[in-house]
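# Observations on the model geometry
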Amino acid sequence: MAAPGISLDLRGLPPPEPMTRILDELARLAPGARLRALLPHEPLPLYPLLEQRGYAWQVTALAPDRCELLVWRHGDGQATPDDA
Amino acid sequence: MTAALSLEQAPPLSVPLRFFLTAPVFGIAAGGVLAWAGPAAFASRWTPPALALAHLLGLGVLTMVMCGALFQLLPVLAGVRIVRARLIGGACHALLVAGTAALAAGFLGADTVAFRLAVPLLGGALGLLLAVVGTGLARAPRRHDSVRGMRWALSGLAVATALGLILALGHGWSTLPLARAAFTDLHLAWALLGWVTLLVAVVAWQVVPMFQVTTEYPPWLRRALAPVMWLLLAWLTAASLAGRVTWPATTGLALACAGFAVQTLVLLARRRRRRRDASLNFWTLAMVGLAAAALAGLASLVVPLPPRLGLAPAVLFVAGFALAVINGMLLKIVPFLVWLHLQQQLAATPAAPGRFVPPDMHAVLPEPRARLQLGSFALALAVLVAGLAVPALLRLAGICWIGAFATLGWNLVRAVRLYHAQRRRLATAA
C-alpha cells in the first residue's frame, strides 16, 4: 500500500493550469507516495512531460467527463499500484 | 487504461507554426484585393476579385490554419505519429502557399498559365495532406468521436478538392466542357460545409470543453453531425447533377449548421469558468455568425435576395464564422504550444529546473493584445457587413481587414519571438 499521497481536483481549470499544478505538486511528492488528480479529460500532452521527468502514470475513465490520473516516481515499488 | 504517448509523437513546433504564421499574410493580401477592387468586387459572385478573395481566404487562411492544426492535433487527439513531419509539413506548406498564390493570380487576370500551375501545386498540397492525415486516421489507435468526425471532414475536403481541380482545369484549358455554375455551387458547398464546418465542429468537441471549461457536447450530436451533414451534401450533389430540386438538402444543411451553433452558444453560456476573455468572445461571435449565415441561406430559399445581398450568406459564413473561430482557436492553441514545448525543453535540460521558469500562457499572448485582435476583427467584420448594403464602404472594409490580419500576425510573431528568446534563456541557464 502506498504512503499517503497528494490528491487534487483539477476539474474546472483551463489548460495548462491542471498540468502546471500537477508538475508543481510532483516536486514535493514523498518517496512511496502517489499523486491522484481528478480531471475533466485525459491530459494527453502531460504524458511526455511526466515521462521526461521520470514519472509513471495510470489513467482511469470514471465518467465521460471525468478521469482519474495516478502518478508515481518510476521504479518506486511502494508507490506503484498493484494493477500497473 | 494506461496511455502510451512518446515525445516523438508531437511534431516539432515549427511544423504547425509555419502554417499559422503564413495565414495572416494571405489575409492581408485578401484585404488588399478588397481595398483595391472596392465595390466592383462584390458586384456578383463571379467577379475576378470575389473569386480571388474567396480562395485567398478559403485556402490561404482557413485551410492553411486547419492544415497546421491537423499536423499538431493528429498525434494528440488520435495518438498517431506522423513520420517525417518536418519534411511532409514543409512540402505541404510550400505547395499550398505557391498554389494559392498562383490561383489568386489566375483569377486576378494573369495568364491561363497561372491556373495550369495552380492545379498541380494545390493538387499536390491537398493530396499530400489527404494521404498523410487519411492514412494516420485509418491507423488511429484512439477512435473517439473527433477521430471519426475528422475522417468525414477529410473526405469532404477530398470532394471539394476534386471539384476545385476540375474547375481550375476548365480555367487553364478552356476547351474542357463544364457545367460551371453547378460545379461551382457544389465545390463551394463541400469546401465550406463538408470541410470547414465539419473540421471546426469535430475540433470543437475537444477544444470548447477543454479551453472554455464547459460541459461536453451531447454524445448524439458528436456522433451524428458529421455523417448527417456529409449525407446531406451527397444528396445535394446528386439532386443538383440530376437537375432535381435542391432546397430540401440545403434546408437540412442550414439547420444542421444552426443546430451546432446554438448548441455551442448554450455550452458557452453555461460554462464553469465565468471570466470572459477574447477567445471566448471570438467563439461567441463565430457561432452567432454561423447561425446568421444559416438564417440568411434559408431566407434566400424563400425570398430571392436582392443582387447586392446575394453574397450575404457566404460573407457571414466566411468572415463572421470561419475567420472568427480560427482567430479564437489560435489565441489559445499558439500560447499553449509555446508553453508545452518550453516545458518539454526544460525537462530535457537537466541542470535548468529551478533556475528557469517558463512563462505562463498569458505572458505568451497577453489579454490586452488578444482584445486588440478581437477589436480590430469586429471592426473589420462590421464594416464588411455594412458594405453589403452600402458598397461604398467596401474599400474601407478591405483596409480594416488588412489591420485585423496584421494584428493577428503581429500577435503570433510576438509569441514565436518570445518562444525563441525563452529557449535562449533556457540554454544559458543549463
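Just above sits the structure.
Residues numbered from 1 in each chain as written. Chains lettered and ligands numbered in written order. Predicted model: local features only at pLDDT ≥ 70, side-chain atom pairs only at ≥ 80, totals over all residues. Heavy atoms only, no water.

This next bit is on the overall build of chain B. When you go through chain B residue by residue, the secondary structure sums to 13 helices and 0 strands. For chain B, the α and β elements follow one another from N to C terminus as α-α-α-α-α-α-α-α-α-α-α-α-α. Along the three orthogonal principal directions, the C-alpha set of chain B runs to about 70 × 45 × 45 Å. Sorting the 430 residues of chain B into buried and exposed places 57% on the buried side. About 16900 Å² of surface is accessible on chain B, with carbon and sulfur atoms providing 70% of the total. Positive and negative side-chain charges in chain B, numbering 33 and 8 respectively, have mean positions lying 2 Å apart. (Helix = DSSP H or I, 4+ residues; strand = E, 2+ residues; numbered from the N terminus. Buried < 20%, exposed > 50% of the residue type's maximum accessible area, 1.4 Å probe, protein only. Areas by Shrake-Rupley, 256 points an atom, 1.4 Å probe, with all protein chains shown as cover. Lys, Arg positive; Asp, Glu negative; His and termini not counted. Charge placed at Lys NZ, Arg CZ, Asp CG, Glu CD.)

Let's shift gears to helix H1 (residues 17-26) of chain A. Listed in full, the buried residues belonging to H1(A) are Pro18(A), Met19(A), Ile22(A), Leu23(A), Glu25(A) and Leu26(A). Down the axis of H1(A), the sector holding all buried residues measures 165 degrees, keeping them to one side. (Arc of directions from axis to C-beta.)

It is worth spelling out the nonpolar core at this point. Within the largest apolar cluster, 180 residues are counted, with the highest numbers of intra-cluster contacts made by Phe20(B) and Trp401(B). No other element matches helix H10 (residues 312-347) of chain B, which puts 23 residues into this core. (Core = buried A, V, L, I, M, F, W, Y, C linked by side-chain atoms within 4.5 Å.)

It is worth spelling out the interface of chain B and chain A at this point. Interfaces are frequently sized by the accessible area removed from exposure as the parts join. At the interface, 24 residues of chain B touch 26 residues of chain A. With both chains or domains summed, chain B and chain A bury close to 2300 Å², and 66% of this area falls on carbon and sulfur atoms. Summed over the shared surface of chain B and chain A, the number is 0 salt bridges. Across the chain B-chain A interface, the total number found is 2 residue pairs in polar contact (both at pLDDT 80 or more). Put simply, the parts of the chain that give the side of chain B that touches chain A at least two residues each are helix H2 (48-78), helix H6 (180-211) and H10 of chain B. (Contact = heavy atoms within 4.5 Å. Buried area = accessible area lost by both parts, 1.4 Å probe. Salt bridge = Lys/Arg side-chain N within 4 Å of Asp/Glu carboxyl O. Polar contact = N/O pair within 3.5 Å; in protein donor to acceptor, adjacent residues only side chain to side chain.)

Turning to unusual backbone geometry, a few remarks are in order. Note that the residue after Pro15(A), namely Pro16(A), is joined by a cis bond; omega there is 0 degrees. Its location among the elements puts Pro16(A) in the loop between strand S1 (3-9) and H1. A positive phi angle, close to 50 degrees, is found at Arg84(B), a residue other than glycine. Position of Arg84(B) among the secondary structure elements: in the loop between H2 and helix H3 (85-107).

Residue and element names in this part refer to chain A. With 8 bridges connecting them, strand S3 (residues 55-63) and strand S4 (residues 66-73) associate as antiparallel partners. Looking at the pairing, Trp-57 lines up with Val-71 of S4. Between S3 and the antiparallel strand that follows it, S4, lie 2 residues. (Pairing = 2+ DSSP bridges.)

Let's shift gears to the pairing of S4(A). Residue and element names in this part refer to chain A. Counting buried positions along S4 gives 6 out of 8 residues, so the element sits mostly inside the fold. Bridging between strand S2 (residues 33-39) and S4 involves 5 bridges; their strand directions are antiparallel. When the sheet's bridge partners are listed, Arg-36 is paired in S4 with Leu-70.

Okay, a nonpolar patch on the surface next. Residue and element names in this part refer to chain B. A grouping of Val-245, Trp-247, Leu-301, Val-302 and Val-303 is seen on the molecular surface, where their side chains present a nonpolar patch of about 530 Å² in accessible area. Mapping Val-303 onto the fold places it in the loop between helix H9 (278-302) and H10. Residue Val-303 is classed as exposed on the basis of its relative accessible area, which comes to 52%. (Patch = residues over 30% accessible without salt bridge, like charges linked within 9 Å, V, L, I, M, F, W, Y side chains within 5 Å.)

Residue and element names in this part refer to chain A. The topology assignment puts Ile-6 in strand S1. Classification of Ile-6 as buried rests on a relative accessible area of 13%. Each C-alpha atom, one on Ile-6 and one on Leu-35, is 4.6 Å from the other, the two residues being 29 residues apart in sequence. Contacts of Ile-6, omitting those with residues within four sequence positions, involve Glu-25, Arg-28, Leu-29, Arg-34, Leu-35 and Arg-36.

Residues and elements named next belong to chain B. The full count for this structure, using the stated rule, is 0 disulfides over all chains. Unpaired in this structure, Cys-67 has its nearest cysteine sulfur neighbour in Cys-92, at a distance of 4.5 Å. Here Cys-67 falls in the buried class, since its relative accessible area comes to 0%. (Disulfide = S-S within 2.5 Å.)

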